[in-house]
2 protein chains.
Amino acid sequence: MQVESIAEEKQGYAASLASIQEARRRISPFAHVTPVLSSSSLNQRARTNLYFKCELFQKGGAFKFRGACNAVLSLPQDLASKGVITHSSGNHAAAIALAAKMHGIPAFVVMPKNAPKCKVENVKRYGGKIYFSEPMLKSREEVALSVQEQTGAALVHPYNDGRIISGQGTISLELLEQIPELDAIIVPISGGGLISGITIAAKAINPNIKIFAAEPEGADDAAQSKAAGKLIITPHTHTIADGLRASLGSLTWPVVRDMVDDVVTVTEEEIVNAIQLCYEILKVVVEPSGAVGLAAVLSTQFQSILSKQIYKHVGIVLSGGNVDLGVLGRLQI
Amino acid sequence: MQVESIAEEKQGYAASLASIQEARRRISPFAHVTPVLSSSSLNQRARTNLYFKCELFQKGGAFKFRGACNAVLSLPQDLASKGVITHSSGNHAAAIALAAKMHGIPAFVVMPKNAPKCKVENVKRYGGKIYFSEPMLKSREEVALSVQEQTGAALVHPYNDGRIISGQGTISLELLEQIPELDAIIVPISGGGLISGITIAAKAINPNIKIFAAEPEGADDAAQSKAAGKLIITPHTHTIADGLRASLGSLTWPVVRDMVDDVVTVTEEEIVNAIQLCYEILKVVVEPSGAVGLAAVLSTQFQSILSKQIYKHVGIVLSGGNVDLGVLGRLQI
């Protein structure tokens, strides 16, 4: 855990509107302001107006660059020179490698050996040095610790880090400028860095806005934790959404517990259907994790919520687009 | 040929900056302002700064909606009530069906029987009545004439029509507001409606801007016509870019002859490579015709032009995204 995170945590949560605004100033020379797309045809299916925040167009092909860039730029000069290290199934790894490359420092990356090929290629393309681990979080953390001891590099956790949460929160600042009338946002949830940043910023700007987490049934630790009122870790996950297999952390769970309004879980079939709609109607290349928000909006669960409470303008974060196209072929997409 | 086109042609070309600005006013409540994407990685490959105008996000998945909407809205009320008819390999057909549906009039569409399945589906989805013809232009025109006689519907040619050219030209108005510093634009060429509108508007706004047409080697009537200084029709075409098989028309050839600066031809392999880059790097779903502009910029021919004349800011029109995903699978993309 980083010093900055501890300091902020004492004031409440690991990030605040101020730290998110500061992150935006820090990363804006480097990150894209991503466009928002809409489709009449998808609005009809969802029975509301949808606004797709296209983080798949972010540098590195996913929202992760926002947090990674903020974390790298927040490092003191003497620490930065030894480089950064992280462990990640893919998009955060590539984002850290890219942010490090842009700022001329080395990046060491621990990836599970079953990470998607295109995500491994992205890390290589950005010059990150890869160490493979077993898929389980424990193995990833052990390898990372050992590499950190050898190199002296600064650890940047993929989500349990205030700098990361603040970086991801910059999405809300942009999205609520692009579509100020939003009354709900649907966000894929995994370790919770993305939804924590988005929630803190969005609710600071508009306290009435509702935030829904979207999660695969086969990796539903957020839904279980919300239902139990305590953090539940699910060691085994089963989903094609390879970016959503992590569990909530000590800094993200409090935000999800206190400020996220509900969790919508979706089946694998619903995810595949949403991917297909993204390709055929929105014309964007989305990875399975990235399509879970659309899957949630179209699900029976959310449609039932909509029948009781009208949300007229719903933002959906399409979180990333790094996918092996051959995998899509096997899904018959 | 339409009355309006003849009137405008007498003043020079089939469209003007004024008719394009008028088209913009007419279609802006219905058409999307499409976003512009960029990628450092593709800039490096192209050795210049590229700006991708994403017409694949236009309503109906292609730029064609601009012209179709302008044409439908230009019809006098008494003529409009009998509906519109057109012949097209796909995107114009769907655009006419969509524009007609939005304005509550019938649409009759003649499509070649080898049109891509997704394009036929789009026409059906928008409620257009389809008549299939043989692939050749002559058969398409004959069937269209016969349906026109039966229905009294107004013919809207896919490109040889001032209203269509003016509608497509609205792309330049948007693009030059989005990226005012452009010094060149690369546009796929087929019948020439798109490039004629874009060229007329862009050169009226900035007389120094250069316009390059991008064309498959297997359908290179524009390159042959430019080289010969006269309109050459190539009856046989061979390319995966199914939207680029038409030949220039009497209203588009004068614009291409006088105002388009050069034609860059690309191989099928270069088109496939460009499609792949659009998917993997830009994260957009592009159809083969839509990727020909990127193929052209990366080609030896254009790179050789760049080595003599520096264009620092190059716009590329990604013209459409309607593709059968199974076809991409067979291209091993």
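Residues numbered from 1 in each chain as written. Chains lettered and ligands numbered in written order. Predicted model: local features only at pLDDT ≥ 70, side-chain atom pairs only at ≥ 80, totals over all residues. Heavy atoms only, no water.

A. Summary view of the overall build of chain A. In terms of regular secondary structure, chain A is built from 16 helices and 10 strands. Radius of gyration (C-alpha) of chain A: 18 Å, near the 20 Å computed for a compact globule of 333 residues. Dimensions of chain A, computed from the C-alpha atoms along their principal axes, are close to 55 × 45 × 40 Å. Burial statistics for chain A: of 333 residues in total, 61% are counted as buried. Sequence separation of 24 or more characterises 74% of the internal contacts of chain A that already satisfy a separation of 6 or more. Element-wise, carbon and sulfur atoms account for 51% of the exposed surface of chain A, whose accessible area totals about 12500 Å². Seen as two clouds, the 31 positive and the 30 negative side-chain charges of chain A have centres 3 Å apart. (Helix = DSSP H or I, 4+ residues; strand = E, 2+ residues; numbered from the N terminus. Rg over C-alpha atoms; globule rule 2.2 N^0.38 Å. Buried < 20%, exposed > 50% of the residue type's maximum accessible area, 1.4 Å probe, protein only. Contact = heavy atoms within 4.5 Å. Areas by Shrake-Rupley, 256 points an atom, 1.4 Å probe, with all protein chains shown as cover. Lys, Arg positive; Asp, Glu negative; His and termini not counted. Charge placed at Lys NZ, Arg CZ, Asp CG, Glu CD.)

B. Expanded view of the packing of helix H2 (residues 17-27) of chain B against helix H4 (residues 64-74) of chain B. All names here are of chain B. Packing of H2 against H4 leaves a shortest axis separation of 9 Å and a crossing angle of 85 degrees. Relative to H4, the element H2 lies roughly perpendicular. Along the contact surface, H2 presents Ala23, Arg26 and Ile27, while H4 presents Arg66, Cys69, Asn70, Leu73 and Ser74. Grouping the amino acids of the contact of H2 with H4 by side-chain chemistry returns four nonpolar, two polar and two charged. (Axes fitted to C-alpha atoms, helices over the stretch in contact; angles between N-to-C directions. Parallel < 35°, antiparallel > 145°, perpendicular 65-115°, else oblique. Nonpolar A, V, L, I, M, F, W, Y, C, P; charged D, E, K, R; others polar.)

C. Here's a closer look at helix H7 (residues 117-125) of chain B. Residue and element names in this part refer to chain B. Every buried residue of H7 is listed here: Cys118, Lys119, Val120, Asn122 and Val123. Those residues of H7 that are buried lie in contact with helix H6 (91-102), strand E4 (107-112) and strand E5 (129-133). One or two positions beyond H7, positive phi appears at glycine 127, with a value near 80 degrees.

D. Region of interest: the sheet that holds strand E3 (residues 84-87) of chain A. Residue and element names in this part refer to chain A. Judged by pairing direction, the sheet is parallel, and its four strands sit side by side in the order E5-E4-E3-E6 without closing on themselves. Where the open sheet ends on each side, the last strands, each with one partner, are strand E5 (129-133) and strand E6 (154-155). Across two bridges, E3 lies against E6 in parallel orientation. Each residue of the ladder has a partner; that of isoleucine 85, found in E6, is leucine 155. Across the sheet, helix H8 (residues 137-151) touches E3, strand E4 (107-112), E5 and E6, and the angle it forms with E3 is around 165 degrees. (Pairing = 2+ DSSP bridges.)

E. Local environment of the packing of H4 of chain B against H6 of chain B. All names here are of chain B. Between H4 and H6, the least distance of the axes is 8 Å, while the angle of their chain directions is 45 degrees. Put simply, H4 runs oblique to H6. The hand of the H4/H6 crossing is right-handed. The segment H4 lies against H6, with Lys64, Phe65, Ala68, Cys69 and Val72 engaging Asn91, His92, Ala95, Ile96, Leu98, Ala99, Ala100 and Met102. (Left-handed = near helix turned anticlockwise from the far one by under 90°.)

F. How the structure looks around the packing of aromatic side chains. All names here are of chain A. Under the counting rule described, the total for this entry stands at five aromatic pairs over all chains. Consider the rings of phenylalanine 212 and phenylalanine 302, whose centres lie 5.2 Å apart with planes at 90 degrees: the pair is edge-to-face. Here phenylalanine 212, found in strand E8 (residues 210-216), pairs with phenylalanine 302, found in helix H15 (residues 300-308); they are 90 residues apart in sequence, far enough to count as distant. By the burial criterion, phenylalanine 212 is buried, and phenylalanine 302 matches it. Judged by centre distance (5.6 Å) and plane angle (75 degrees), the ring pair of phenylalanine 212 and tyrosine 311 falls under edge-to-face. Here the residue phenylalanine 212 occupies a position in strand E8, and tyrosine 311 occupies one in the loop between H15 and strand E10 (313-318), the gap between them amounting to 99 residues. By relative accessible area, which is 3% here, phenylalanine 212 ends up buried. (Phe/Tyr/Trp six-rings, centres within 6.5 Å; stacked < 30°, edge-to-face > 60°.)

G. Looking closely at the interface of chain B and chain A. Between chain B and chain A, the residue contacts involve 19 residues of the former and 19 residues of the latter. Both faces considered, chain B and chain A share a buried interface measuring about 1600 Å² in area, 66% of it formed by carbon and sulfur atoms. Taken as a group, Phe57, Lys283 and Leu325 of chain B account for 37% of the area that chain B buries against chain A, more than any other trio of residues on that side. At the boundary of chain B and chain A, one finds six residue pairs in polar contact (both at pLDDT 80 or more). (Buried area = accessible area lost by both parts, 1.4 Å probe. Polar contact = N/O pair within 3.5 Å; in protein donor to acceptor, adjacent residues only side chain to side chain.)

H. Up close: the sheet that holds E5 of chain B. All names here are of chain B. Strand order in the open sheet made by the four strands is E5-E4-E3-E6, with parallel pairing throughout. Lying at the two open borders of the sheet, with one neighbouring strand each, are E5 and strand E6 (154-155). Summarising the sheet, strand E3 (residues 84-87) and E4 pair through four bridges and their orientation is parallel. Considered in E4, the bridge of isoleucine 85 is made with phenylalanine 108.

I. The domain arrangement of chain A, seen in detail. Residues and elements named next belong to chain A. Taken domain by domain, chain A consists of domain 1 (3-63 + 161-330) and domain 2 (64-155). Every contact between the two is made by 30 residues of domain 1 and, on the other side, 25 residues of domain 2. Counting each side, the surface lost to burial between domain 1 and domain 2 is near 2200 Å², with a carbon and sulfur contribution of 55%. Counting across the interface, domain 1 meets domain 2 through four salt bridges. Put simply, domain 1 and domain 2 have 15 residue pairs in polar contact (both at pLDDT 80 or more) between them. Elements that contribute at least two residues to the side of domain 1 that touches domain 2 include exactly helix H2 (17-27) and helix H9 (162-178). Broken down by element, the side of domain 1 that touches domain 2 gets its largest block of residues, eight residues, from H9. Counted by class, the side of domain 1 that touches domain 2 contains 10 nonpolar, 10 polar and 10 charged residues. (Domains from an automatic or database assignment. Salt bridge = Lys/Arg side-chain N within 4 Å of Asp/Glu carboxyl O.)

J. Structural view of the environment of threonine 199 of chain B. All names here are of chain B. Structurally, threonine 199 can be placed in helix H10 (residues 193-205). Linking threonine 199 and valine 272, residues 73 residues apart in sequence, is a C-alpha distance of 26 Å. Beyond its immediate sequence surroundings of up to four residues, threonine 199 is in contact with Ile211, Val255, Met259 and Val260.

K. Molecular detail of the relation of the copies chain B and chain A. Between chain B and chain A, which share one sequence, the superposing operator has a rotation angle of 180 degrees and an axial displacement of 0.0 Å; the RMSD is 0.0 Å. The transformation relating the two chain copies, once decomposed into turn and shift, fits a two-fold axis. Across chain B, the rotation axis passes nearest the C-alpha of valine 284 of chain B, at a separation of 2.3 Å. When the interface residues of chain B are mapped onto chain A, 100% of them again lie at the interface, so the same face is used by both copies. (Least-squares fit on C-alpha atoms with pLDDT ≥ 70 in both.)

L. Representation of the pattern of salt bridges within the structure. Residues and elements named next belong to chain B. Tallied over the full model, the rule gives 27 salt bridges over all chains. With a closest N to O distance of 3.4 Å, arginine 26 and glutamate 22 form a salt bridge. Of the two residues, arginine 26 and glutamate 22 are both situated in helix H2; the distance of four residues between them amounts to about one turn of the helix. Taking the relative accessible area as the measure of exposure, arginine 26 reaches 24% and is therefore partly exposed.

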